[in-house]
Each structure stands twice: as structure tokens, then as C-alpha cells.
Number of protein chains: 2
Amino acid sequence: MIQDSHTDFSLGEVRVSMTPQERFDEYLQSKGKRTTSQRRVLVDHVFSRHEHFDADELIDQLNRKARGADRVSRATVYRALDELVEAGLLRKMSLGSRSVYEHDYGYPQHDHLHCTECDELIEFRSDELLALREAVARGYGFRVTGHRLTISGVCRACAEKRHRKISPLDLI
Amino acid sequence: MIQDSHTDFSLGEVRVSMTPQERFDEYLQSKGKRTTSQRRVLVDHVFSRHEHFDADELIDQLNRKARGADRVSRATVYRALDELVEAGLLRKMSLGSRSVYEHDYGYPQHDHLHCTECDELIEFRSDELLALREAVARGYGFRVTGHRLTISGVCRACAEKRHRKISPLDLI
DNA sequence: TTCGTTGCAAAAGTTTTGCAACTTT
DNA sequence: AAAGTTGCAAAACTTTTGCAACGAA
């Protein structure tokens, strides 16, 4: 996970010159905040996989992993997630009642297909969309800082599951 | 607000042949539900203006309007909002901690520019986006049912406000 | 009369916060 | 030592729900 900082570091596709840990430390320093074992454990865990997660899942995973000395409390997780978002390491989105987080640092800009049956999030990239958002914004004198597109529907797997359950005759 | 049902009814741009009230009644009937004074008051109020609103705002407005006999309780407002969404009259989105609602029935498909300073929502339409979403989905064998795009940034008014406060010299 | 509806208050679910004890710098 | 951080429990918020009284069909 942690590498010599002179080497480029790859998470997904974008190459960056610091590990998430290093980048977070930098953020903390710049804010007069401190590097603690809780923050280290949390960042390490969050960037060891590239899945979407919510606060509750993260809390569970951390508790299962480290029941001992460096447990991270619920409150601390929420506080750290806010910091990671502010530091630009994570992106937050609301997908249901809970907020969902995903990697931002070292990960390319993308949007999502959201399957409303199984809740899976499929990522996709579209440069056209970036052009479109600029074109729209220009028309309103709007200064864009970002966007979020979620296309909802049914993923291939769930569509197939349905077909197996519903006989073709039922569809007439 | 209420018109002869043989006349077309216009809310925004799309012409429909029933008032929201009529359409809601139809939905209620089809579900074996009943037309009550609370539901009438609520639908009437919601479709008397074309703004985005959340449950709390709506409850306040209704209480201010009708303090007397046909008050609508908090619980009933939440229950009715769910029904209006299911009936296709309203669309629900989560923009912060609260859910925000907007007209769906009789109103054209659109997306939003969201100003992060003043929270204003500016609506826009883009046919290109509809094409884009189909193209993307096709690539994943995904069956689209809808989408939501929110472009965030700073609206013209807020950008100007900033300029007035910050002298050009500060920007160097 | 039957059965859906309402209002209330309590409950639920997620996130935030006050505070005393504890760590990092 | 000074100042930020943690964990806990309580609080804050939004939304949902059980239930008895009420109202529509």
C-alpha cells in the first residue's frame, strides 16, 4: 500500500505522486490537525479496496478488523469521513437514506448506473457529458465546480433474474 | 386551478388532459384509496406554485394557510408525498439532509444546476443528455428507467455578489 | 357498516455534539 | 504544557409507524 513517495502511485487509472495516507497527512498539517492512529487505520482501510461504502459498513468492517487497541468509534468515523471529503480524498453522495462514499483521489472522474433492484453501482466515463455540462452552464452564466449524473434502471443480471422467474407467457 | 376536464390543462409546458387533482383521484380510486379533505388541500397547495420544496416547508405553509378545520398533520403530509410520487405527480430527490420534491406531472423532463452558495435550483433541458444516457446504458446491457443530473457550482447572482465583496486586487 | 385515514406520540434510523479523559506535538 | 482528538452517551434531525378515534363509500 505505502510506497516510496518518489514513485508514482496508481489507484485505478490516475497516477498521483502521493499515497492517500501522505496526502491526508498533508491536509491535516495544513489545517493544524494531528495524525492519529485512528485516522491512519481508517484511511488505510478505506483505500485498500475500491468499493462504494456507507458509514455503517465502514464501522462494521473496522470493528471486525481491529477489535483491539486501535478501534475507531462511530463518532470518529463520521468525523474522519467529513475530513476525507474536505481533503478531496473521498466523494460523498446520497443514494438512499444513508450517504455513500467513494474514492476521489487518484481515481478518474466518472458517473454511475444505479440498479434499483440490487443497488449495484456501475461506473462509466463520458467526455461528452463534460462538454455538455459546460455548454449548459455557459448559457446561464453559471460557474461549474462539478456534477453528478446517476442513470437508474435495471442491470443486466437483474433483468435476467426476472426473465427466469416470469415465464414469457406472463408477459402477453 | 381547476378547469373543465374537457379542456387541456397546462402546468409549465406539457399539456395534459386532467388537473393534478383529477389525476390524483384517479390514482386513489385505482388503489382503493379515498379522497379526503387533507389530500385535496395538499394537492391543491402543491400544484398552485411551481417551486421545489421539502416536507418541512410544505407543513409550515399548510399550517399557515389553513390553521382551522382542514389542517394536515406532519404524518399525513409524509404519507401523501409518498403517494404523489407513486402516482407520478411529484418527483423526489435528495439534495441535502432533507428530500426535495418538484412537479413531475404536466411538467417536462429536465435537470438542474444547483448553486452551492444560495441553494437555488435552475432547471434546464437537454435532449443530448437523453441520447447519451441511452448510449451509455446500451454498452452495459442496462435497462434505463430514468436519470438525474445535477450540475453544481455558483450561479450568476452569487458570483456577482462575490465580486462586490472581494476587490479585484485580492484576486491577484 | 366497512375499511381506509388521520393525528398523535412514540419509535426508528442516520448523523452530530458536549464533555471528560487521553494523545500528539 | 498546550491544543487537538477520542469515545461515550445524549441530542438532533428527518421520516416512519402503532393505534384509537374518525370519515368516506
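Calculation notes
- Residues numbered from 1 in each chain as written.
- Chains lettered and ligands numbered in written order.
- Predicted model: local features only at pLDDT ≥ 70, side-chain atom pairs only at ≥ 80, totals over all residues.
- Heavy atoms only, no water.
- UniProt positions renumbered as here; feature names shortened; annotations may be inferred.
- Near = heavy atom within 4 Å.
- Polar contact = N/O pair within 3.5 Å; in protein donor to acceptor, adjacent residues only side chain to side chain.
- Helix = DSSP H or I, 4+ residues; strand = E, 2+ residues; numbered from the N terminus.
- Contact = heavy atoms within 4.5 Å.
- Buried area = accessible area lost by both parts, 1.4 Å probe.
- Salt bridge = Lys/Arg side-chain N within 4 Å of Asp/Glu carboxyl O.
- Nonpolar A, V, L, I, M, F, W, Y, C, P; charged D, E, K, R; others polar.
- Pairing = 2+ DSSP bridges.
- Axes fitted to C-alpha atoms, helices over the stretch in contact; angles between N-to-C directions.
- Parallel < 35°, antiparallel > 145°, perpendicular 65-115°, else oblique.
- Left-handed = near helix turned anticlockwise from the far one by under 90°.
- 1 Å grid on protein atoms, 1.4 Å probe; cavity = no way out; pocket = protein on both sides within 12 Å on 5 of 7 lines; lining within 4 Å.

For chain A, the name recorded in an unreviewed UniProt entry is Ferric uptake regulation protein, with Botrimarina mediterranea as its organism. In UniProt, chain A has this text filed under Sequence similarities (unreviewed entry): "Belongs to the Fur family." Note on chain A: under the UniProt heading Subunit (unreviewed entry), the record states "Homodimer."

K.L.:
Pulling in residues and values, what's your account of the protein's contact with DNA strand C?
P.N.:
Inspection of the region around DNA strand C gives 21 residues, with R34, Y78 and R98 of chain A together with R39 and T76 of chain B positioned closest. Of all atoms in DNA strand C that approach within 4 Å of the protein, 69% are sugar or phosphate atoms. At 2.4 Å, a side-chain N or O of R98 of chain A approaches a phosphate oxygen of DNA strand C. Between a base oxygen of DNA strand C and a side-chain N or O atom of R34 of chain B, the distance comes to 2.8 Å. Residue assignment for the surface near DNA strand C shows that the elements contributing at least two residues are α4 (74–86) of chain A together with α2 (37–46) and α4 (74–86) of chain B.

K.L.:
I'd like a rundown of the interface of chain A and chain B, residues and numbers included.
P.N.:
Taken residue by residue, the interface counts 35 residues in chain A and 35 residues in chain B. On the chain A side of the interface with chain B, the three residues burying the most area are Y140, F142 and R143 of chain A, jointly 23% of the side's total. Our count for the chain A to chain B interface comes out at 0 salt bridges. At the junction of chain A and chain B, the tally comes to 13 residue pairs in polar contact (both at pLDDT 80 or more). Within the residue set of the side of chain A that touches chain B, elements represented by two or more residues are β6 (111–115), β7 (121–124), α5 (127–140), β8 (143–154) and α6 (156–165) of chain A. In the side of chain A that touches chain B, the residues fall into 16 nonpolar, 12 polar and 7 charged. Looking at chain direction, β8 of chain A and strand β8 (residues 143–154) of chain B are connected through 11 bridges and run antiparallel. Each bridged residue has a counterpart across the sheet, and for L149 of chain A the counterpart in β8 of chain B is L149 of chain B.

K.L.:
Could you give an account of the packing of helix α1 (residues 20–30) of chain A against helix α2 (residues 37–46) of chain A, with specific residues and numbers?
P.N.:
All names here are of chain A. At their nearest, the axes of α1 and α2 sit 10 Å apart, and the two run at 140 degrees to each other. One way to sum up the angle between α1 and α2 is to call them oblique. In this structure, α1 meets α2 at a crossing whose hand is right-handed. Contacts from P20, Q21, F24 and L28 in α1 reach R39, R40, V43 and D44 in α2. When grouped by side-chain class, the residues that make up the contact of α1 with α2 number 4 nonpolar, 1 polar and 3 charged.

K.L.:
I'd like a description of the sheet that holds strand β7 (residues 121–124) of chain B, backed by residues and values.
P.N.:
With mixed pairing, the 6 strands of this open sheet are ordered in space as β7(A)-β6(A)-β8(A)-β8(B)-β6(B)-β7(B). Because the sheet does not close on itself, it has two edges, and the strands there are β7 of chain A together with β7 of chain B. When the angles between neighbouring strand axes are averaged without regard to direction, this sheet yields 25 degrees. Taken together, the 4 bridges between strand β6 (residues 111–115) of chain B and β8 of chain B define a ladder with parallel strand orientation. Opposite H114 of chain B, over in β8 of chain B, you have S152 of chain B as the bridge partner. Along the sheet face, α5 of chain A touches β6 and β8 of chain A together with β6, β7 and β8 of chain B and points at about 125 degrees away from the line of β8 of chain A.

K.L.:
Account for the sheet that holds strand β3 (residues 53–54) of chain A, with residues named and values stated.
P.N.:
Residue and element names in this part refer to chain A. One open sheet holds the 3 strands; their spatial order is β3-β5-β4, and the pairing between them is antiparallel. Where the open sheet ends on each side, the last strands, each with one partner, are β3 and β4 (90–94). By the bridge criterion, 5 bridges tie β4 to strand β5 (residues 99–103) in an arrangement that is antiparallel. Each residue of the ladder has a partner; that of R91, found in β5, is E102. The strands that α4 touches are β3, β4 and β5; relative to β4, the one it contacts most, it runs at about 110 degrees.

K.L.:
Describe the environment of F47 of chain A, and please don't skip the residues or the numbers.
P.N.:
For F47 of chain A, the position within the fold is in the loop between α2 and β3. A C-alpha to C-alpha distance of 7.6 Å links F47 of chain A and H103 of chain A, two positions 56 residues apart in sequence.

K.L.:
For the UniProt feature "binding site: Fe cation" (unreviewed entry) in chain A, give the residues involved together with the corresponding values.
P.N.:
Residue and element names in this part refer to chain A. As recorded in UniProt, the sites labelled "binding site: Fe cation" (unreviewed entry) are D111 and H147. Across 37 residues, the annotated set stays spatially compact, with a maximum C-alpha separation of 8.9 Å. Lining the largest pocket, from the residues named above, are H147. Its place among the elements puts D111 in strand β6. Aside from chain neighbours lying at most four places away, what touches D111 is I122, E123, F124, L129, H147, R148 and L149. Position of H147 relative to the elements: it lies in strand β8.

K.L.:
Could you give an account of the protein's contact with DNA strand D, naming the residues involved and the relevant values?
P.N.:
Among the 21 residues in the neighbourhood of DNA strand D, the closest are listed as R34, R39 and T76 of chain A together with R34 and R98 of chain B. Backbone atoms, meaning sugar plus phosphate, form 64% of the atoms of DNA strand D positioned within 4 Å of the protein. The side chain of R79 of chain A places a nitrogen or oxygen atom 2.8 Å from a base nitrogen of DNA strand D. Looking at the surface near DNA strand D, the elements that each hand over two or more residues are α2 and α4 of chain A together with α4 of chain B. The leading source of residues in the surface near DNA strand D is α4 of chain B, at 4 residues.

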